[in-house]
Amino acid sequence: MIISIFLTLLWLWDRSSQALLRWTLGFWLGCLGLILLGLRDVGPPILSIGLGNALSLWSLGLIWLGCRAFNEWDPDAPSALAMAGGLLWFTLVACWPRFAEDLNIRIIAASALYAGYSFLIVNTVWRGYRQEPLPARRLAVFAFGLHGLFYLLRLPVPLLFPATLNGGHPNLWFGVVTFEYFIQVLFGALAIFAMVHERLTLRYKVASEIDYLTGICNRRAFLAAIDASRARPEGDRAGAVLALLDADHFKSINDTHGHGAGDIVLTCLTGLVASRLPQGAVFGRVGGEEFAIYLPASAALINADLLEHIRVDIGAMVVQHGTACIQMSVSIGHCVLPAGRLDMQMALAVADRALYASKKAGRNCVTTSIFAPSDKDRIGGSPVHAPAATIA
């Protein structure tokens with residue numbers, strides 16, 4: 001009940017979550033089912049044994065649907081299957097006297113149903129883990145997998161050691177089953193809370209690193225990704241390239257066609273560039289219409305003319321906005337980076353000087369500069385190497 005209350009509060013905080021809604025309902029049904037099962041000595045069997053187990057099975061069914069919703073799958077498609085186990089159980093207790101009276105048949109049926117729903121949850125959570133590897137998903141797999149395994153191992157016990165009633169219920173079995181149920185609820189709830197927390201943390205982290213318009217790295221994430229790339233074996237070899245791209249006359253696009261058109265142009269530009277970059281490259285938005293590319297030495301050496309190809313492809317691109325057909329070009333400046341530890345702010349300044357040289361040369365061109373040790377003392381001055389511009 002305590003866990004159900006906390007889940008309810010969590011759902012009230014985020015009522016749009018279909019997963020939390022189903023998990024909350026599932027745990028409340030499980031809570032009510034366990035209460036009815038605990039009253040089996042004083043209540044009629046149709047309520048305690050019949051409805052109590054039915055509610056517990058519906059609880060697992062709803063938890064399964066919640067896991068599907070958490071995976072962003074359709075949670076309602078298998079609703080009939082989720083509810084079928086509890087309905088079947090209640091119908092058997094209500095309509096088949098021998099089933100209601102024979103404890104061992106009920107143990108076998110309950111074990112099969114509980115194990116089946118538990119393994120449905122395990123399968124769904126594990127498939128979700130392969131798509132989104134949240135560590136807490138493994139805890140959920142363990143919790144519900146252990147629950148399913150417990151009932152699976154319980155299946156043959158009535159055949160080998162038939163249970164007998166003592167005072168209305170088998171004392172040992174009832175205690176063991178109730179304790180296992182409690183442990184499973186505790187671990188399952190902890191897994192659910194942890195999964196929700198991990199996803200929120202991950203999404204906040206992604207939101208803080210991704211440019212909201214283009215979906216690529218923002219400046220901070222771009223620099224962090226370069227550090228991670230250079231930390232890999234051979235990731236800091238000489239020959240790595242840092243490039244800055246600036247959309248030419250972008251203000252005139254906004255002024256002529258509106259900011260909506262400008263957003264579409266930037267989105268199309270980033271989509272084209274991202275599709276041309278090799279594996280291992282890092283791409284980010286570092287300003288309004290300014291973008292940066294980092295090419296590790298291995299990627300830069302494979303296609304030395306990549307930046308020129310990108311410039312040509314962007315120049316040939318036509319962006320449709322309403323009745324307008326918008327064409328654009330980019331100016332590119334890049335520098336070749338040395339091996340070893342590197343001051344990325346200094347490297348960006350060198351690439352920026354090369355970009356300025358491209359603009360000064362008439363835009364729509366690529367300018368190359370080599371990062372030199374003496375640049376450390378010459379940031380903001382003239383390029384150490386006279387940039388060679390490739391004019392379109």
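Residues numbered from 1 in each chain as written. Predicted model: local features only at pLDDT ≥ 70, side-chain atom pairs only at ≥ 80, totals over all residues. Heavy atoms only, no water.

## Examining the side chain of Arg 22
Now for step 1: Turning to its location among the elements, Arg 22 is positioned in helix α2 (residues 18–38).
Now for step 2: At 2.7 Å, the side chain of Arg 22 and the side chain of Asp 76 are in polar contact.
Now for step 3: Leave out the neighbours within four places in its chain, and Arg 22 touches Leu 62, Leu 65, Gly 66, Pro 75 and Asp 76. (Helix = DSSP H or I, 4+ residues; strand = E, 2+ residues; numbered from the N terminus. Polar contact = N/O pair within 3.5 Å; in protein donor to acceptor, adjacent residues only side chain to side chain. Contact = heavy atoms within 4.5 Å.)

## Quick word on helix α4 (residues 79–95)
Now for step 1: A rise of 1.5 Å per residue sets the reference length of α4, with its 17 residues, at 24 Å; its end C-alpha atoms lie 24 Å apart and thus fit the reference within 8%.
Now for step 2: At Gly 85, α4 shows its largest kink, close to 30 degrees.
Now for step 3: Listed as buried for α4 are Ala 82, Gly 85, Gly 86, Trp 89 and Val 93.
Now for step 4: Its buried side turned inward, α4 meets α3 (45–70), α5 (97–101) and α6 (103–131). (Expected span 1.5 Å × (residues − 1). Bend = angle between axes of the 7 residues up to and from the residue. Buried < 20%, exposed > 50% of the residue type's maximum accessible area, 1.4 Å probe, protein only.)

## Remarks on the pattern of salt bridges
Now for step 1: Within this structure, the stated rule accounts for ten salt bridges.
Now for step 2: Between Glu 132 and Arg 199 there is a salt bridge; the shortest N-O distance is 2.5 Å. Residue Glu 132 is found in the loop between α6 and α7 (135–154), and its partner Arg 199 is found in helix α9 (residues 171–209); the two are separated by 67 residues along the sequence.
Now for step 3: When its relative accessible area of 15% is taken as the criterion, Glu 132 is described as buried.
Now for step 4: The structure contains a network of salt bridges with shared partners spanning Glu 132, Arg 137 and Arg 199. (Salt bridge = Lys/Arg side-chain N within 4 Å of Asp/Glu carboxyl O.)

## What about the packing of aromatic side chains?
Now for step 1: Enumeration over the complete set of coordinates arrives at eight aromatic pairs.
Now for step 2: With centroids separated by 4.8 Å and ring planes inclined at 20 degrees, the aromatic side chains of Tyr 114 and Tyr 151 adopt a geometry described as stacked. Taken together, the positions of Tyr 114 in helix α6 and Tyr 151 in helix α7 put the pair 37 residues apart, joining distant regions of the chain. The two residues Tyr 114 and Tyr 151 agree in class, both being buried.
Now for step 3: Here Trp 126 and Tyr 129 contribute two aromatic rings whose centre-to-centre distance is 5.2 Å and whose plane-to-plane angle is 20 degrees, an arrangement assigned as stacked. Linking Trp 126 with Tyr 129, this pair stays in helix α6, spanning three residues, or about one helical turn.
Now for step 4: Under the relative-accessibility criterion, Trp 126 is labelled partly exposed at 42%.
Now for step 5: Linked through ring pairs, Trp 89, Trp 96 and Phe 99 together constitute an aromatic cluster.
Now for step 6: Over the face of the ring belonging to Trp 11 we find Arg 15, whose NZ or CZ atom lies 5.5 Å from the ring centre.
Now for step 7: Across from the ring centre of Phe 70, 3.7 Å away, lies the NZ or CZ of Arg 199, which sits over that ring. (Phe/Tyr/Trp six-rings, centres within 6.5 Å; stacked < 30°, edge-to-face > 60°. Lys NZ or Arg CZ within 6 Å of the ring centre and 35° of its normal.)

## Things to note about helix α1 (residues 2–13)
Now for step 1: With twelve residues, α1 should reach 16 Å at 1.5 Å per residue; the first-to-last C-alpha distance of 17 Å fits that figure.
Now for step 2: Within α1, the full set of buried residues consists of Ser 4, Leu 7 and Leu 10. Down the axis of α1, the smallest arc covering the buried residues is 120 degrees, so these residues share one side. Residues Ile 2 and Trp 13 are exposed on α1 and point more than 90 degrees away from its buried face. (Arc of directions from axis to C-beta.)

## Some points on the packing of α6 against α7
Now for step 1: Put simply, α6 and α7 touch, their axes get as near as 8 Å, and they point 160 degrees apart. Here α6 is positioned roughly antiparallel relative to α7, judged by the angle of their axes. With respect to the hand of their crossing, α6 and α7 are arranged in left-handed fashion.
Now for step 2: Residue classes in the contact of α6 with α7 are distributed as 16 nonpolar, six polar and three charged. (Axes fitted to C-alpha atoms, helices over the stretch in contact; angles between N-to-C directions. Parallel < 35°, antiparallel > 145°, perpendicular 65-115°, else oblique. Left-handed = near helix turned anticlockwise from the far one by under 90°. Nonpolar A, V, L, I, M, F, W, Y, C, P; charged D, E, K, R; others polar.)

## Focus: the pairing of strand β3 (residues 290–295)
Now for step 1: Among the six residues in β3, six count as buried, and that is most of the element.
Now for step 2: Neither face of β3 is left uncovered, since the one carrying Glu 290, Ala 292 and Tyr 294 and the one carrying Phe 291, Ile 293 and Leu 295 both have all their residues buried.
Now for step 3: Bridge count between strand β1 (residues 240–247) and β3: six bridges; the pairing is antiparallel. Bridge pairing in β3 links Leu 244 to Ala 292.
Now for step 4: Counting the residues that bridge the hairpin from strand β2 (residues 282–285) to β3 gives four residues. (Pairing = 2+ DSSP bridges.)

Read these as spatial facts, not as claims about activity.
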